[in-house]
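Architecture at a glance
For reference, the chains in residue letters:
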Amino acid sequence: PPPRLRALHLLCVPVSLPAARLRPTAPPRSFQLDYEQDCFRKDGAPFRYVSGSIHYARIPRPAWRDRLLKMYMSGLNAVQVYVPWNYHEPLPGVYDFSGDRDVEAFLDLTAELGLLVILRPGPYICAEWEMGGLPAWLLWKSDIVLRSSDPAFLAAVDSWLHVLLPKIKPRLYQHGGNIISVQVENEYGSYYACDYDYLRHLLGSFRALLGGEALLFTTDGARAEELRCGTLQGLYATVDFGPDSNVTEAFGAQRSIEPRGPLVNSEYYTGWLDYWGGAHASTSAAQVARGLADMLRLGANVNMYMFHGGTNFAYWSGADLKAQYKPVTTSYDYDAPLSEAGDPTEKLFAIRTVISKFQPLPVGPMPPATPKYAYGRVDLRKVTGEGLGALGHIERDAGVGERSSRQPPFPFCAALQAHGFVLYHTQLPRDVPAPAPLSAPPHGVRDRGYVMLQKEYQGTLERDGQTTLRVTGRAGDALDVLVENMGRLSFGANFSDFKGLLGNLSLDSSPLSTWLIYPLAIDAAVQQGWPHAALPQSSGRGRSGPAFYTGTFETPGIAWDTFVKFPGWSKGQLWINGFNLGRYWPRRGPQQTLFVPGSVLRVGCPNNITVLELEGAPPTPFLLFLDQPLLNRTLSPSTWTAE
């Protein structure tokens, strides 16, 4: 060919580059089950995780890094994380992944700190969390069967998973992220339904949304009946048990379902939860360390539940039903290796020593406890308006219209309210000159009803407790019942736990009628500055019954963590700077203080305190800020009648 064409021809000849100049292809990332060697394989190499549970929803976002770094420095190579559905979808189709709810930011932080993640996205999570993480709005359909193949439940679950799991997929280990495994449902074998169609539906949804390579698993107790209903082919079965269990027997139960594959204890209990009115749980550091060493010697994978418990802020604590209703405390300290405030404990260092015998610890010191400060005494004043009168302002200010009904039931969901308080109002139908019984049927009040007659507190009606008060009055007198949701059931039978006035009150055996229902948007009002603009209550009368108290304090140029004590108070709710710190109940115990994260406080300007006291404030109302918690003082049930 001519010289010009010959040059073009040479340009088209394939040229072999020297091997040294080729960019090597990275081997594909993988995290898999090895059924021959009975282990996990990470990128082809045998792998064992030593993990700890941490719940981002129980920790203010500014503290996430501190807690995760302490877990990493303890020798953990993974963390286990629940995703509470109701924390992110407060109303159908309304999603919140901002601020403290930014689960993606939390997961990215775990990756930054070098921790792998075992994710537990539910849809049910238990966790001693309100309704086990299921949204209360599911109960708008009163006959829904939760955690089953009920089409209404599956439709809601599918909508949620189509929002959540696409956020998870790019963070899977196979896709360059740090999530090594994903749990489907949670301890389903402890639920009565035993609906395999439900589990199969979930398996199909998780596979469709996460892909075929995601390692999916289940967790159940180590009893045959739990494993029978909680496991499904296609989901790797793991067990959970604490240090008082026989390790050989517990793993033998796992082997009955999974003859080969890694041994996994998905919840090794480092402590336990507290119930109001019960003892503060504790488990010795030596016992926890000994059980951990036994499992690691067997080559098992272990997740410690909890490694850091945190706090049930606002209304997020759940409840159990064990012969009677047992609400969980605000503190979720759990006697865990990291305390409620995130401080290393003796138990943490005992665990760290055990881990060091099986795998190298990170180089460097354990981060210290966060600084605490005793801000001291803060005097409060009662807000204008006797008793429930102040609550009426909230209903009006929030623009919430009353709902009327002649006969109960009037559950919270009928008022489109999930948490907190609903006010029920009627009038006495006739004169009652001599004390007559005002009674609720068994389980008619869920969970506590604070009764006012003509704005005078009469006493409290309680689920599984007092159901009758004796009252006097005149025809037309205002009868108000402020009903409190103390937390929906989070474990076990988990039947639909409706809240509110579920059975009609009767006066001297005659049912009352024509009720008005007021859902109360207390949190919205407090966040907008109410009631700090209200006038103080000059009179010392009416200290008993529901009422608001306010006060302010300034910090000495610091915003350190603290704990608030309630000397002489009965039961209620506390907000600081609009942040709902949760329920206090020193009359019951064991918890006597509430944890106040420093991130809630302000420096250089007043910090606003708002207290809703439900039963009775002290003659001189004040709070006491301490530099350490009091979690273990339980009063005898014989003293509860004073409430």
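This structure is a prediction, so every number in the text was calculated from the model and none was measured.

All right, on to the overall build of the protein then. In terms of regular secondary structure, the protein is built from twelve helices and 35 strands. Buried residues in the protein amount to 59% of all 643 residues. Look at the contacts in the protein between residues 6 or more apart in sequence, and 79% of them connect residues 24 or more apart. Summing over all exposed atoms, the protein offers an accessible surface of approximately 25100 Å²; the carbon and sulfur share of this is 54%.

Once that is clear, we can look at the pattern of salt bridges. In the structure shown here, the tally under the stated rule is 33 salt bridges. Among the salt bridges present, the one from R67 reaches D66, with a minimum N-O distance of 2.8 Å. With a relative accessible area of 3%, R67 lands in the buried category. R101 is paired through a salt bridge with D96; the nearest N and O atoms lie 3.9 Å apart. Take R101: its relative accessible area is 23%, and that puts it in the partly exposed class.

One pass over the structure, following the stated rule, counts one disulfide. Between C194 and C229 runs a disulfide, and the two sulfur atoms are separated by 1.9 Å. An S-S torsion of about -90° defines the bridge between C194 and C229 as left-handed. Of this pair, C194 sits in the loop between β7 (179-183) and α6 (196-210) while C229 is found in helix α7 (residues 224-230), placing the two residues 35 residues apart along the sequence.

Residues R446 and D447 are joined by a peptide bond in cis, for which omega reads 10°. If you trace the backbone, D447 turns up in the loop between β20 (445-446) and β21 (448-453). Cis rather than trans, the peptide bond between G589 and P590 has omega equal to 5°. Summarising the element assignment, P590 is placed in the loop between β32 (579-584) and β33 (593-596). Its identity as a non-glycine residue notwithstanding, A314 has a phi of 55°, on the positive side. Overall, the relative accessible area of 16% leaves A314 in the buried class. The phi dihedral of L416 is positive, around 55°, even though this residue is not glycine.

This paragraph deals with the sheet that holds strand β1 (residues 31-34). Hydrogen bonds between backbone atoms are what pair the strands of a sheet, whose relative direction is either parallel or antiparallel. One open sheet holds the three strands; their spatial order is β1-β2-β3, and the pairing between them is antiparallel. In this open sheet, the two strands that pair with only one neighbour each are β1 and β3 (45-47). Adjacent strand axes in the sheet meet at a mean angle of 45°, parallel and antiparallel pairs treated alike. As defined by bridge partners, strand β2 (residues 39-42) adjoins β3 across three bridges and the pair is classed as antiparallel. Each bridged residue has a counterpart across the sheet, and for R41 the counterpart in β3 is P46.

The next point concerns the packing of aromatic side chains. For the coordinates displayed, the defined rule picks out 41 aromatic pairs. Each ring, one from Y82 and one from Y305, has its centre 6.4 Å from the other, and the planes form 70°; the classification is edge-to-face. Taken together, the residues span a long stretch of sequence, with Y82 in strand β5 (residues 78-82) and Y305 in strand β11 (residues 301-308) at a distance of 223 residues. In this structure an aromatic cluster arises from ring pairing among Y56, W64, Y87, F106, W129 and W316. Here R29 stacks its cationic end above the ring of Y173, 3.8 Å away from the centre of that ring. The side chain of K571 reaches across the aromatic face of W585, ending 4.8 Å from its centre.

A few words now on the side chain of D102. Relative to the helices and strands, D102 is located in the loop between α3 (85-88) and α4 (103-112). Of note is the side chain of D102, whose polar atom sits 3.5 Å from the side chain of R61. Reaching out from D102, the side chain makes a polar contact with the backbone nitrogen of A105 at a distance of 3.0 Å. Not counting chain neighbours up to four residues away, the residues in contact with D102 comprise R61, W64 and F97.

Quick look at the confidence of the model for the protein now. Per-residue confidence for the protein averages 92 on the pLDDT scale, and 89% of its residues sit at or above 70. Scored below 50 in pLDDT, residues 396-400 shows four contacts in the model against residues more than four places distant or in partner chains.

Glancing now at the pairing of strand β28 (residues 515-519). Counting buried positions over the five residues of β28 gives five, a clear majority of the element. Of the two faces of β28, both are covered, the one formed by W515, I517 and P519 as well as the one formed by L516 and Y518. Here strand β18 (residues 421-427) pairs with β28 via four bridges, running antiparallel. Each bridged residue has a counterpart across the sheet, and for L423 the counterpart in β28 is Y518.

Looking now at the packing of helix α9 (residues 285-297) against helix α10 (residues 346-356). Running from N to C, α9 and α10 point in directions that differ by 20°, and their axes come no closer than 9 Å. It follows from the interaxial angle that α9 and α10 lie roughly parallel. Once α9 is placed against α10, the crossing between them reads as right-handed. Of the residues in α10, those touching α9 at A285, V288, A289, L292, A293 and L296 are E346, K347, A350, I351, V354 and I355. Split into classes, the residues belonging to the contact of α9 with α10 amount to ten nonpolar, no polar and two charged.

The rules we used
- Residues numbered from 1 in each chain as written.
- Predicted model: local features only at pLDDT ≥ 70, side-chain atom pairs only at ≥ 80, totals over all residues.
- Heavy atoms only, no water.
- Helix = DSSP H or I, 4+ residues; strand = E, 2+ residues; numbered from the N terminus.
- Buried < 20%, exposed > 50% of the residue type's maximum accessible area, 1.4 Å probe, protein only.
- Contact = heavy atoms within 4.5 Å.
- Areas by Shrake-Rupley, 256 points an atom, 1.4 Å probe, with all protein chains shown as cover.
- Salt bridge = Lys/Arg side-chain N within 4 Å of Asp/Glu carboxyl O.
- Disulfide = S-S within 2.5 Å.
- Pairing = 2+ DSSP bridges.
- Axes fitted to C-alpha atoms, helices over the stretch in contact; angles between N-to-C directions.
- Phe/Tyr/Trp six-rings, centres within 6.5 Å; stacked < 30°, edge-to-face > 60°.
- Lys NZ or Arg CZ within 6 Å of the ring centre and 35° of its normal.
- Polar contact = N/O pair within 3.5 Å; in protein donor to acceptor, adjacent residues only side chain to side chain.
- pLDDT = per-residue confidence, 0-100.
- Parallel < 35°, antiparallel > 145°, perpendicular 65-115°, else oblique.
- Left-handed = near helix turned anticlockwise from the far one by under 90°.
- Nonpolar A, V, L, I, M, F, W, Y, C, P; charged D, E, K, R; others polar.

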